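# Coordinate analysis (summary)
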Amino acid sequence: MQLRSWLLSGLLVTSTALAACAQSAPAAPTTAPAAAPTTAAAAPTTAPAAATPRPAATTAPAATTAPAATRASAATTTAAPTTAPAGAATSAPAATSAATVRPAATTAAAATTAPAAAGKKLTVALVVGVKGDPFYVTMEKGARAKAQELGVDLIVDGPAQFNPVQQTPIVDALIARKIDALLIAPTDKQAMIEPLKRVNDAGIKVITVDTYIGDGDYEKGPVTFPLSYIGSDNVQGGKIACDALIKAIGGKGKLYIQNVKPGISTTDQREQGCKESIQASGGAVTLVGVDYNDDSAAKAAEQTTALLQRTPDLAGIFGTNLFSAEGAAQAVKNANLTGTVKIANFDAPEQAIKDLRDNVVDLVIAQKPADMGSTGVEYAVNAIKGDTSGIKKRVTTGYVVIDRTNVDTPEAQAAIYKSQ
Ligand code: T6T
């Protein structure tokens, strides 16, 4: 196995190798802005049990008459490398550390004149993208710890499905409760603009975590009222995944993307980043399709099963979020293609770590949801008190890229999501 690092935006990011799976395919490259590599020493663990309390794909059918993919779009890329990461690739060896891609705070603060809420205990609400998702469970933990530290009340709520129709009434109910600030992972970058505008118009501070509305540029974009967007750099995340995948398949072959649904800022950008990596292969790698599973691992498994039947020479799959990757991995297991079809797994629940150890997936990209929640609460409280000087319009929280070489390091272990 091998390690590569990219230098991007003047900052070094190191990523460990995508473990040489089945054959000798190695290396996980990483692109990244604003990053400081971190290393960490080993810590033994046993691969824990799956802990995804959601539409589990564990009983996904093996190859049968596969159900139709919702929005399959076969897109073949051919082009020459145009959008390769603007960084020097160094050939850093080694296979040790969990590669941490660190946050970057980009632009300067919003200046608002929030009144200090003297005497009254402040109430901050966190509305997640969907209840029960270990990613958001972990975000809630970070938010709760910070709320306790700062002595504010925290309300946490979210829809049963990743859906703006379900998320909107939750937001409206919080306006009626006269909360002081809202942290929210908007489930759609357009559909949630109006509901969040209502929140802002009611004098409640709005900060988005994980996902954004508009184009995410709250300084110069079409939507500027949210005080901050705190979340991963998802184009970068898609590139990390697919650069690694391309390396794992030996630089050529067919890839497939399992995605959630169009309109979600995070997963749209991960797909974009992956496509940029594929394009940079100059035609050696082709994209045979993208399916949208509506955040259901079971549906992702069905779609992947169908794709595997249609494309017996498929080389690799990018699962753009927890459920997409979980379903894809289940389908590959069911088809007895473990190790033959490589998988890059976005998000880091326990099941993904087990699949990594079992050679089912080759790379697990852990986001830092607890940091998103913690920073969100801190920003919210400062904003309510009228102190906006430290509030950045954009905070990127970074990744820990986990493969079989570093999975036992304390840093990688700490990055695994909590399920409750
Ligand atoms: O990947 C995360 C999150 O970043 C995305 O916006 C939605 O899916 C997850 O919650 C994982 O299921």
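Residues numbered from 1 in each chain as written. Predicted model: local features only at pLDDT ≥ 70, side-chain atom pairs only at ≥ 80, totals over all residues.

### Focus on the overall build of the chain
Counted only if it meets this: Numbering goes from the N terminus for both helices and strands, where a helix is a DSSP run of H or I of at least four residues and a strand is a run of E of at least two. Using C-beta atoms placed from the backbone, we call a residue buried if 20 or more other C-beta atoms fall within 10 Å of its own, exposed if 12 or fewer do, and partly exposed for counts in between. C-beta atoms are first placed from the backbone for all residues, and any pair lying within 7 Å is then listed as a contact.
Secondary structure summary: the chain contains 10 helices and 17 strands in total. When burial is assessed residue by residue, the chain has 58% of its 420 residues classed as buried. Taking the intrachain contacts of the chain between residues at least 6 apart in sequence as the baseline, contacts between residues at least 24 apart amount to 80%.

### Considerations on the confidence of the model for the chain
Just so we agree on the cut-off: The pLDDT score gives, residue by residue, the confidence of the prediction method on a 0 to 100 scale.
Across the chain, the average pLDDT comes to 80, with 72% of residues at 70 or higher. Across the chain, the secondary-structure element scoring lowest on mean pLDDT is strand β3 (residues 89-90), at 26, and the one scoring highest is strand β9 (residues 205-209), at 99. The low-confidence segment residues 1-97, where pLDDT is below 50, has 280 contacts with residues more than four positions distant or belonging to other chains. In the predicted structure, residues 102-117 sits below a pLDDT of 50 and forms 46 contacts with residues beyond four places in sequence or in another chain.

### Thoughts on the environment of Asp201
Along the polypeptide, Asp201 turns up in helix α3 (residues 193-201). Along the chain, Asp201 and Phe225 lie 24 residues apart, while their C-alpha atoms are 9.5 Å from each other.

### What about the site of the ligand?
Operational definition: Each residue receives a C-beta atom placed from its backbone. It is near a molecule or strand if this atom lies within 6 Å of it. Polar here means any residue outside two lists: the nonpolar Ala, Val, Leu, Ile, Met, Phe, Trp, Tyr, Cys and Pro, and the charged Asp, Glu, Lys and Arg; Gly therefore counts as polar.
Lining the immediate environment of the ligand, one finds 15 residues, of which Asp133, Phe135, Thr266, Asn321 and Leu322 sit closest. For the shell around the ligand, the secondary-structure elements that each account for two or more residues are α1 (134-150), α5 (265-279) and α7 (322-334). Tallied by class, the residues present in the shell around the ligand amount to 6 nonpolar, 6 polar and 3 charged.

### Some remarks on helix α6 (residues 297-310)
Counted only if it meets this: Take the residue count of a helix, subtract one, and multiply by 1.5 Å to get its expected span.
A rise of 1.5 Å per residue sets the reference length of α6, with its 14 residues, at 20 Å; its end C-alpha atoms lie 20 Å apart and thus fit the reference within 8%. Counting buried residues along α6, 12 of its 14 residues qualify, which places the element largely inside the surrounding structure. When α6 is considered as a whole, its buried residues turn out to be Ala297, Ala298, Lys299, Ala300, Ala301, Glu302, Gln303, Thr304, Thr305, Ala306, Leu307 and Leu308. Residues of α6 that are buried sit in contact with β11 (253-259), β12 (285-292), β13 (314-319) and α7.

### Some remarks on the pairing of strand β7 (residues 153-157)
Note the threshold: Two strands form a pair only when DSSP identifies at least two bridges running between them. With its strands directed away from the observer, a crossover is right-handed exactly when the path from the first strand over the helix to the second travels clockwise.
In this structure, strand β6 (residues 123-127) lies alongside β7, joined through 5 bridges in parallel fashion. Across the sheet, the residue bridging to Val127 is Asp157, located in β7. On the question of chirality, the crossover connecting β6 to the parallel β7 by way of α1 is right-handed.

### Focus: the environment of Phe323
In this fold, Phe323 is placed in helix α7. In this structure Phe323 comes out as buried when scored by C-beta crowding, with 31 C-beta atoms within 10 Å. Residues Phe323 and Lys299 lie 24 residues apart in sequence; the distance between their C-alpha atoms is 9.2 Å.

### Regarding the nonpolar core
The condition is simple: Only buried residues count toward a nonpolar core: Ala, Val, Leu, Ile, Met, Phe, Trp, Tyr and Cys, linked into one set through C-beta atoms within 7 Å. Boundaries of every domain are those given by an automatic assignment or by a domain database.
Core analysis: the largest hydrophobic core is formed by 107 residues, its most contacted members being Val124, Leu182, Leu183 and Ala241. Of the residues forming this core, the biggest block, 8 residues, is contributed by helix α9 (residues 369-384). Both domain 2 (123-232 + 370-396) and domain 3 (234-366) contribute no fewer than three residues apiece to this core. Setting aside residues up to four positions removed in sequence, Leu183 forms contacts with Val124, Ala125, Leu126, Ala143, Ile207, Val209, Gly376, Val377 and Ala380.

### Remarks on the packing of α6 against α7
Short version of the rule: Axis angles are defined between N-to-C directions and span 0 to 180 degrees, where every axis is a line fitted to C-alpha atoms and, for a helix, only to the segment in contact. Here roughly perpendicular refers to angles of 65 to 115 degrees, roughly parallel to angles under 35, roughly antiparallel to angles over 145, and oblique to all remaining angles. Take the far helix as the reference: if the near one is turned anticlockwise from it by less than a right angle, the crossing is left-handed, and if turned clockwise, right-handed.
Running from N to C, α6 and α7 cross one another at 45 degrees; their axes reach a closest spacing of 7 Å. When the interaxial angle is binned, α6 and α7 end up oblique. In this structure, α6 crosses over α7, and the sense of that crossing is right-handed. Of α7, the residues touching α6 (which contributes Ala297, Ala298, Lys299, Ala300, Ala301, Thr304, Thr305 and Leu308) are Phe323, Ser324, Glu326, Gly327, Ala328, Gln330, Ala331 and Asn334. Of the residues assigned to the contact of α6 with α7, the class counts are 8 nonpolar, 6 polar and 2 charged.

### Re the pairing of strand β10 (residues 228-231)
Of the two faces of β10, the one holding Ser228 and Ile230 and the one holding Tyr229 and Gly231 are both buried throughout. Here β9 runs beside β10; their pairing, made up of 3 bridges, is parallel. Its bridge partner being in β10, Ile207 is matched across the sheet by Ser228. Summarising the sheet, β10 and strand β16 (residues 394-396) pair through 3 bridges and their orientation is parallel. Bridging from a neighbouring strand, Ile230 pairs with Val395 of β16.

### Some points on α1
Its 17 residues give α1 an end-to-end C-alpha distance of 24 Å, which sits within 8% of 24 Å, the value for a rise of 1.5 Å per residue. Along its buried surface, α1 packs onto β6, β7, β8 (181-184), β9, α7 and α9. Downstream of α1 by one or two residues, Gly151 has phi in the positive range, about 70 degrees.

### Side note on the environment of Tyr399
Residue position: Tyr399 is located in strand β17 (residues 399-402). Judged by the 28 C-beta atoms lying within 10 Å of it, Tyr399 falls in the buried class. In this structure the C-alpha to C-alpha distance between Tyr399 and Ile240, which are 159 residues apart in sequence, comes to 9.9 Å.

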